[in-house]
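Read off the chains here:
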Amino acid sequence: MSADTATPATATSKPQTVFIDGQAGTTGLDVASRLADVDGLTIVEISEQDRKNADAKRALLRDVDLVVLCLPDDAARETVAMADGLANGGPVIVDASTAHRVADGWTYGFAELSRGQAQAIRESQRIANPGCYPTGAIALIRPLVDAGLIPPGQAITINAVSGYSGGGRQMIAAYDSGEVPPFELYGLGLAHKHLPELQRYASLARPPIFVPSVGNFRQGMLVSIPLFLDTLPVRPSASDLRSALADHYEATAITADRTVRVATSDDAEASAKRLAADTLAGTGALELFVFGNADETQAVLVARLDNLGKGAAGAAVQNIRLALGLL
């Protein structure tokens, strides 16, 4: 049993209340759908006419146990400022925007990041939900840096492809109407907004090169990181990398039904010719693979997840359950 495994709090007769600020958006709708299966919670909604009424929102924030922010960054900051002005800092906040991911006073909501991270989330009033791309990349890099297999100053390149649902309503509408190419690279100015988050929580001393892309499929994600093993100081093998990842997620698993799974060498060999991006669509799971060449000089690390699952709404629900003592 992991050190981060805890017994859920005893259910009370009064359900805990959650308000989804941005309930009509892609992530908000997915969060609401996933929370419907969680016992002991009641979702509180704000009426359409009161959605922009500051007094109505303030009253709601005063009464609920937790609020999930599924908003653009500036709107998320406004809601946080409103909550900060309430007694005792208002409700617990899980922010799914990028506004607070590297902000002081916020707990990073990747529960398997390190030993004790799940407990830090349980004890926090302000939780920053990770981004979908950073979730995959950090899941691969951070354990290997912590294990001394990748030095913090190593030059890292991260390539990733996401389903188009990660782009929000306009992108979804464009892809659903057939108005876009089957595959596109973007963020080619090499200054993507996820870079500060990637660098900090992967424990890298220099920013990685991050090349995101979007494919013509609704949900799913692959994040891949190539490595020249013979340039790393300890010259690890693919097996060394795989073992370090497995040890990390053994130690940080929250429940026996693990969210993060490290593929065995047999799994990797079976997947070596093809690895589909949409296999985990609709789930909250994260799969990690290590592929190596025959002479152990090169490897590719791969993370597979649902961009709306462990990469967004699924992670938010996990953080909600941790913060409310339900996990």
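Quick caveat: nothing in here was measured; it's all calculated off a predicted structure. (Residues numbered from 1 in each chain as written. Predicted model: local features only at pLDDT ≥ 70, side-chain atom pairs only at ≥ 80, totals over all residues. Heavy atoms only, no water.)

Enquirer: Give me the lowdown on the overall build of the protein, citing residues and values where you can.
Expert: Summing up its helical and strand segments, the protein has 10 helices and 13 strands in all. Taken over C-alpha atoms, the radius of gyration comes to 20 Å for the protein, in line with the 20 Å a tight globule of 327 residues would show. Taken over the C-alpha atoms alone, the protein extends approximately 65 × 50 × 35 Å along its principal axes. Sorting the 327 residues of the protein into buried and exposed places 52% on the buried side. Here the analysis covers contacts within the protein between residues at least 6 apart in sequence; of these, 75% occur between residues at least 24 apart. A total accessible area of about 14,700 Å² is found for the protein, and carbon and sulfur atoms account for 50% of it. (Helix = DSSP H or I, 4+ residues; strand = E, 2+ residues; numbered from the N terminus. Rg over C-alpha atoms; globule rule 2.2 N^0.38 Å. Buried < 20%, exposed > 50% of the residue type's maximum accessible area, 1.4 Å probe, protein only. Contact = heavy atoms within 4.5 Å. Areas by Shrake-Rupley, 256 points an atom, 1.4 Å probe, with all protein chains shown as cover.)

Enquirer: Quick rundown of the side chain of Thr17? Include the residues and the values.
Expert: Mapping Thr17 onto the fold places it in strand β1 (residues 16–21). Excluding residues that lie within four positions of it along the chain, Thr17 makes contacts with Thr42, Val44, Asp63, Val64, Asp65 and Leu66.

Enquirer: Give a detailed account of the pattern of salt bridges, specifying residues and quantitative values.
Expert: Pairs can form between side chains of opposite charge whenever their charged atoms are close. All chains considered together, the criterion is met by 12 salt bridges. Here Arg34 makes a salt bridge to Asp30, at a shortest N to O gap of 3.1 Å. With Arg34 and Asp30 both in helix α1 (residues 26–35) and four residues apart, this pair spans about one turn of that helix. For the pair Arg34 and Asp30, a shared accessibility class is recorded, and that class is buried. Salt-bridge contacts for Arg258 lead to Glu250; the nearest nitrogen and oxygen are separated by 2.3 Å. Overall, the relative accessible area of 38% leaves Arg258 in the partly exposed class. (Salt bridge = Lys/Arg side-chain N within 4 Å of Asp/Glu carboxyl O.)

Enquirer: Tell me about the sheet that holds strand β8 (residues 183–185), residues and numbers included.
Expert: Strand pairing in a sheet is mediated by backbone hydrogen bonds. Such pairs are either parallel or antiparallel. In spatial order, the strands read β8-β9-β7-β10-β13-β12-β11; together these seven strands make up an open sheet with mixed pairing. Among the strands making up the open sheet, the edge pair consists of β8 and β11 (260–262). Along the sheet, successive strands turn relative to each other by an average axial angle of 20°, direction set aside. As judged from the four bridges shared by strand β7 (residues 157–163) and strand β10 (residues 221–228), these two strands associate in the antiparallel manner. Note that in β10 the partner of Ser162 across the bridge is Met221. Strands β10, β11, β12 (286–292) and β13 (298–305) of the sheet are contacted by helix α8 (residues 238–252), whose axis makes an angle of about 160° with β12. (Pairing = 2+ DSSP bridges. Axes fitted to C-alpha atoms, helices over the stretch in contact; angles between N-to-C directions.)

Enquirer: Lay out the packing of helix α5 (residues 132–146) against α8 with the relevant residues and their values.
Expert: Taken N-terminus to C-terminus, the directions of α5 and α8 make an angle of 95°; their axes are 9 Å apart at the nearest point. By the angle between their directions, the pair α5 and α8 is classed as roughly perpendicular. Across from Ala139, Leu140, Pro143 and Leu144 in α5, the residues of α8 making contact are Leu241, Ala244, Leu245, His248 and Tyr249. Within the contact of α5 with α8, the residues separate by chemical class into eight nonpolar, one polar and no charged. (Parallel < 35°, antiparallel > 145°, perpendicular 65-115°, else oblique. Nonpolar A, V, L, I, M, F, W, Y, C, P; charged D, E, K, R; others polar.)

Enquirer: Could you give an account of helix α10 (residues 309–323), with specific residues and numbers?
Expert: Compared with the 21 Å implied by 1.5 Å per residue over 15 residues, the 18 Å span of α10 between its first and last C-alpha is markedly short. Roughly 45° is the biggest bend found in α10, and it falls at Ala315. In terms of residue burial, α10 counts as a mostly covered element, since 14 of its 15 residues are buried. (Expected span 1.5 Å × (residues − 1). Bend = angle between axes of the 7 residues up to and from the residue.)

Enquirer: Describe unusual backbone geometry, and please don't skip the residues or the numbers.
Expert: Backbone geometry at Leu190 places phi at a positive 60°, although glycine is not the residue there. Residue position: Leu190 is located in the loop between β8 and α7 (195–201). Exposure remark for Leu190: the relative accessible area of 49% places this residue in the partly exposed category. The phi angle at Glu296 is positive, at roughly 60°, despite the residue not being glycine.

Enquirer: Account for the packing of α1 against α10, naming residues and giving values.
Expert: Contact geometry of α1 with α10 gives a least axis separation of 9 Å together with a crossing angle of 50°. By the criterion of interaxial angle, the relationship of α1 to α10 is oblique. Seen from above, α1 lies across α10 with right-handed handedness. Along its contact with α1, which presents Thr27, Asp30, Val31, Arg34 and Leu35, the element α10 presents Gly309, Ala312, Ala313, Gly314, Ala316, Val317 and Ile320. (Left-handed = near helix turned anticlockwise from the far one by under 90°.)

Enquirer: Go over a nonpolar patch on the surface, please, and point to the residues and values.
Expert: Together, Phe183, Leu185 and Leu188 make up an exposed nonpolar region whose accessible area comes to about 330 Å². Take Leu185: it is sitting in strand β8. (Patch = residues over 30% accessible without salt bridge, like charges linked within 9 Å, V, L, I, M, F, W, Y side chains within 5 Å.)

Enquirer: For the sheet that holds strand β6 (residues 126–128), give the residues involved together with the corresponding values.
Expert: Spatially, six strands are ordered β2-β1-β3-β4-β6-β5 in an open sheet, and the strand pairing comes out parallel. With partners counted over all chains shown, the strands left at the sheet margins are β2 (41–44) and β5 (107–108), one partner each. Judged from the four bridges that link them, β1 and β2 form a sheet pairing that is parallel. Considered in β2, the bridge of Val18 is made with Ile43. The strands touched by helix α2 (residues 54–63) within the sheet are β1, β2 and β3 (66–69), with β1 carrying the most contacts at an inclination of about 145°. Its contacts with the sheet put α10 on β1, β2, β3, β4 (92–95) and β6, and the angle it makes with β4 is roughly 165°.

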